[in-house]
Each structure stands twice: as C-alpha cells, then as structure tokens.
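Here is what each chain is made of, one letter per residue.
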Amino acid sequence: MISRRGFILGTVGVGTAVVAGGGLLKAAENGVFSAGDGDAFSAWDAPLEGMQGIAAAGVLAANSHNTQPWKLRVGDGTIDVLGDNERLMGAADPRLRELHLSLGCVIENMAVAAAAQGRTTGVEFVRGGDHFARLTFAHGETDASYAALAEQIPLRRTNRGAYDVKRAPKPATLETLAACAGDGVGVRWLSSAGERDEFSALTVKATEVHVNDAAMQRDSHAWYRMKWSEVEQHKDGITIDGAAVGLIGTTMLKMFPPTSDAFDEGWTKVTRETHCATAPLFGLLVAGAADDRSAWVTAGRVYQRMQLEATRLGIAMHPLSQALAVRDRDLADGKRNEFADALDAYAGTGEVVLAFRLGYPRADVPPSPRRPVGAVSAQRG
Ligand SMILES: Cc1cc2nc3c(=O)[nH]c(=O)nc-3n(C[C@H](O)[C@H](O)[C@H](O)COP(=O)(O)O)c2cc1C
C-alpha cells in the first residue's frame, strides 16, 4: 500500500481531502498559514549595516541541512568564525566536507556584505580547535557590483520545487555563474539529455542507498523539523515549507506530519520525479585536488556567490548531495564504491565537492528558519 507521505508528495487528486475541517485546524496549528513568519524567520529582516550587519548576512548563508554549524564573535573590525561541534551531521557527513562547504558559505556572505559597505575582507584560517577563521575587514576599494549582490542575501533561497524543464539558462548566463568559480575550484555543467539522465540515475540510486542506511538516515532526520513548534523552538533544520511541494502537499503534510519511513519513501520519489525530472541542468563544483579541506571551504564560497548571482538573475539552485554523501560514507572507511567511480569520472584528477541543479523555478519558496546573530554569538575565548 502506498504510504501517506508517498501519496502526499504525489499531490495529485488530494484537493478534496484538504477541506476536512479538523485537519485544517491541525494544519493551522502546524503553521500552514505561517510560512516564513515569526521569530524563527526574523533574521531575514535584519539590517545588513555595520559590523553587526556583516554578521547578520553570515547567518543567512546556505548550509547543509540548515544545521547552521557556526558561532560568530563580532569584534572591532573582525569577526571570528567558530565551528559548532553540537551541530555536526555525523554519519551524514563523515568527512566533514559539507561542514567546510557550509563554513565557506557563511564566510562568502559576510565578504559580500562587507564589500557592499566598501570594506575588503581578509581571511585567516586557524588550525586546530573550534576557532575556524578570523575575518578582518578594512575600508578599501571594492567593486560596485557587490551592492547588487548583497541585495540578494536576504532573497536567496534553496528552491526544492519544480523548475521549468523547457527553459535552460542561456550560455551567457552560465558564463556569468561560472565566473564565480576560481581559486582551484571549477564548475562543470551537465546539460545534454544524456548527461542529465546519467546524473539523475546516479542521484536516485544514491538516494535509495541513503534511505537504506540507518545511521545516515538517523543523522539526517535529526535535522528535520516536521512540527511548527520545533521550527519555532530550534530555528534551524529542514521544514515542510522547505520541501516546496505546493500548497496542497504542504497543507497535507502539516495536517499529517510524516513518519520517518513515509518521509524516506517520499524523498526518493520527489528526487526522481521533481528534482531530477524537472532539472534543465546540473552543475558540479570540482576541486583541483582530492580530499582538500581548504578547497571545500573555497567551494562553499563559490557556491554561495553563485547562488547570489543566480538569485539576481531569477535562477534557482538546489544542491543534490546524495551521491557525494554515499561516496563519502565509504571513503571515510577507506573504501571506494560505484558513486566514487562515477563522480571521479566527472572530476578527472580532482574531486566533485558539490552537486546541484539549477533552472527557472515554477514558484517561489518561503525562507528557511534562522538563528539570529544574538543566538550564535561566541563568548570571548
Ligand atoms: C554543502 C551543502 C550541501 C547541501 N545539500 C543539500 C541536499 O543534498 N539537498 C537539499 O535539499 N539541500 C541541500 N543543501 C541546501 C541546504 O539544505 C539549505 O541551504 C538550508 O536548508 C538552508 O536553506 P536556504 O538555503 O533556503 O537558506 C545543501 C547546502 C549546502 C551548503
């Protein structure tokens, strides 16, 4: 029998069920009328001015599973970025690749916000301990284009909905996005039907492997916030609104929050039928050398910058990390698997460090929850 979630993610023919009065009350309680509203989302309205504003831009960065694995210490012309060990993803990120990418994203958002204020950013990495990097901001000459990019910081979203498969970004647009790469991280587009089919098949297969790995699922599910009260309490994680399954699907999920099994079944289905099937294009960020943590941070910076550019151009981006996560699970144990081989074939001598789809979205999505700067402040060490 098809599970509730599997049914819901299909969303076809469920309209009549939604009008069930009691269920709607439950859905209202679970935030169906509150998407993007309230304390858990106030960080998106923070002014991006001064040093506090630079930090406020940082917390709006893309980050894996919305774990927000950072603490920030705002000083006079400096911001220290600390990793937060309480917010690691365990078996779902065994090489800490996604952690480093996420910290790269937060650094880039702060550098862009600073540049829009006419400040240059110096980054000094700290080896060992929780203190990850010190950013030093100095008044200096910055490119005027940063203002337009900084305006995108509060508007950027990961859009997991359907994209317009018939409208691929034009080559000139892809060139603009590719110009965000550099410093040892390149981008490879998968745009032909053959390339898209191959990468889709790899991603769907990896999703199935992920779903059947109890440890990976446990450590992923720890960050799913299926109840509105959890969203409000934690201000982090992946939410029902973030799944972008449309009004009917969202309402149904809020009426009947899915069990873990139902969620997993729905994840494979939506990966196959929406994420991959409606992607006009995939992008891979490729680091020049394998297993290079500083390249992972750079890749995070590249991804963040690219997503800001894409937002400016009306293009949505959505990482699809399943093949990389399953590759990493075995690499962390010193073993290679078919996902390592397939990804290496794309990367040549380097390593695929992030995969994503991009395109023109069919609908906008609300913001994801965020802990504001005050909630992520690190004590002076
Ligand atoms: C390194 C990295 C990996 C990610 N992998 C995935 C993924 O596999 N699937 C997905 O839906 N989102 C993925 N995301 C997007 C995050 O879940 C998203 O940034 C986070 O939930 C916050 O939402 P926002 O980007 O809309 O602010 C990834 C983001 C980063 C930085």
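Everything numeric here is computed off the predicted structure, so don't read it as measured data.

Enquirer: Just checking my understanding: could you explain the overall build of the chain for this structure?
Expert: What the chain contains, in helices and strands, is 15 helices and 10 strands. At 20 Å, the chain has a C-alpha radius of gyration in line with the 21 Å of a compact globule built from 381 residues. When its C-alpha atoms are laid out on the principal axes, the chain stretches across 60 × 45 × 40 Å. The buried share of the chain, reckoned over its 381 residues, is 54%. Counting only contacts in the chain whose residues sit at least 6 apart along the sequence, the fraction spanning at least 24 positions is 80%. Summed over all atoms, the accessible surface of the chain reaches about 15,800 Å², with 52% contributed by carbon and sulfur. Here the chain contributes 40 positive and 45 negative side-chain charges, whose respective centroids are spaced 2 Å apart.

Enquirer: Sorry if this is basic, but what is going on with unusual backbone geometry here?
Expert: Negative phi is the rule for most residues except glycine; trans is the rule for most peptide bonds. Positive phi outside glycine occurs at Gln68, with the angle close to 50°. For Gln68, the location among the structural elements is in the loop between helix 4 (50-58) and strand 1 (70-74). Even without being a glycine, Lys235 presents a positive backbone phi close to 55°. Along the chain, Lys235 falls in the loop between helix 10 (228-234) and strand 7 (238-239).

Enquirer: Would you explain the site of the ligand in this entry?
Expert: Contacts to the ligand come from 21 residues, most closely from Arg156, Thr158, Arg160, Ser321 and Arg370. In the environment of the ligand, an oxygen atom lies 2.9 Å from a nitrogen or oxygen atom belonging to the side chain of Arg370. Bound to the protein, the ligand loses 92% of the 610 Å² it would expose on its own. Among the elements of the structure, helix 5 (97-116) and strand 9 (316-319) are those that each provide at least two residues to the shell around the ligand. With three residues, the top contributor of residues to the shell around the ligand is helix 5. Classifying every residue of the shell around the ligand gives eight nonpolar, eight polar and five charged.

Enquirer: Sorry, what's going on with the packing of aromatic side chains here?
Expert: What characterises a pair of aromatic rings is the spacing of the ring centres plus the angle enclosed by the ring planes. Taken as a whole and assessed by the stated rule, the structure comprises seven aromatic pairs. With centroids separated by 5.9 Å and ring planes inclined at 20°, the aromatic side chains of Phe41 and Trp228 adopt a geometry described as stacked. Of this pair, Phe41 sits in the loop between helix 3 (21-29) and helix 4 while Trp228 sits in helix 10; the two residues are 187 residues apart in sequence, bridging distant segments of the chain. Of the two residues examined, Phe41 and Trp228, each falls in the buried class. The interplanar angle of 75° and the centroid separation of 5.6 Å between the aromatic rings of Phe125 and Phe132 together place this pair among those described as edge-to-face. A relative accessible area of 13% places Phe132 in the buried class. Among the aromatic side chains, those forming a connected cluster through ring pairs are Trp189, Tyr303 and Phe356. Note that Arg157 overlies the ring of Trp44, its terminal NZ or CZ placed 5.0 Å from the centroid.

Enquirer: Just checking my understanding: could you explain helix 12 (residues 260-276) for this structure?
Expert: Helical geometry note: an α-helix holds 3.6 residues per turn, so side chains three or four residues apart project in the same direction. Compared with an ideal rise of 1.5 Å per residue, which puts 17 residues at 24 Å, helix 12 spans 22 Å between its outermost C-alpha atoms and is within 8% of the ideal. If you look at helix 12, its biggest bend is around 40°, right at Val270. Buried within helix 12 we find Ala262, Phe263, Asp264, Gly266, Trp267, Thr268, Val270, Thr271, Thr274, His275 and Cys276.

Enquirer: Is there a simple way to explain the pairing of strand 1 in this structure?
Expert: It is a general feature of regular strands that their side chains alternate between the two faces of the sheet. In terms of strand pairing, strand 1 meets strand 2 (residues 78-83) through five bridges, oriented antiparallel. Each residue of the ladder has a partner; that of Val74, found in strand 2, is Ile79. Between strand 1 and strand 2, which pair antiparallel one after the other, the connecting turn spans three residues, and Gly77 there sits at a positive phi close to 85°.

Enquirer: Looking at this structure, how should I read the pairing of strand 3 (residues 119-125)?
Expert: In this sheet, strand 4 (residues 131-139) lies alongside strand 3 in antiparallel orientation, the contact comprising seven bridges. Paired with Phe125 across the bridge in strand 4 is Ala133. Hairpin connection of strand 3 to strand 4: five residues between the antiparallel strands, including Gly128 at a positive phi of 85°.

Enquirer: Explanation requested: the sheet that holds strand 3 in the structure shown.
Expert: The pairing of strands in a sheet happens through backbone hydrogen bonds and is either parallel or antiparallel. Spatially, the four strands line up as an open sheet ordered 1-2-4-3, and their pairing is antiparallel. Strands with a single pairing partner mark the edges of an open sheet, and in this sheet they are strand 1 and strand 3. Averaged over all adjacent pairs, the angle separating strand axes in this sheet is 20°, with direction ignored. Packed onto the sheet, helix 5 meets strand 1, strand 2, strand 3 and strand 4 and runs at close to 10° relative to strand 4.

What counts, and where the lines are drawn
- Residues numbered from 1 in each chain as written.
- Predicted model: local features only at pLDDT ≥ 70, side-chain atom pairs only at ≥ 80, totals over all residues.
- Heavy atoms only, no water.
- Helix = DSSP H or I, 4+ residues; strand = E, 2+ residues; numbered from the N terminus.
- Rg over C-alpha atoms; globule rule 2.2 N^0.38 Å.
- Buried < 20%, exposed > 50% of the residue type's maximum accessible area, 1.4 Å probe, protein only.
- Contact = heavy atoms within 4.5 Å.
- Areas by Shrake-Rupley, 256 points an atom, 1.4 Å probe, with all protein chains shown as cover.
- Lys, Arg positive; Asp, Glu negative; His and termini not counted.
- Charge placed at Lys NZ, Arg CZ, Asp CG, Glu CD.
- Near = heavy atom within 4 Å.
- Polar contact = N/O pair within 3.5 Å; in protein donor to acceptor, adjacent residues only side chain to side chain.
- Nonpolar A, V, L, I, M, F, W, Y, C, P; charged D, E, K, R; others polar.
- Phe/Tyr/Trp six-rings, centres within 6.5 Å; stacked < 30°, edge-to-face > 60°.
- Lys NZ or Arg CZ within 6 Å of the ring centre and 35° of its normal.
- Expected span 1.5 Å × (residues − 1).
- Bend = angle between axes of the 7 residues up to and from the residue.
- Pairing = 2+ DSSP bridges.
- Axes fitted to C-alpha atoms, helices over the stretch in contact; angles between N-to-C directions.

What is shown is where atoms sit, not what they do.
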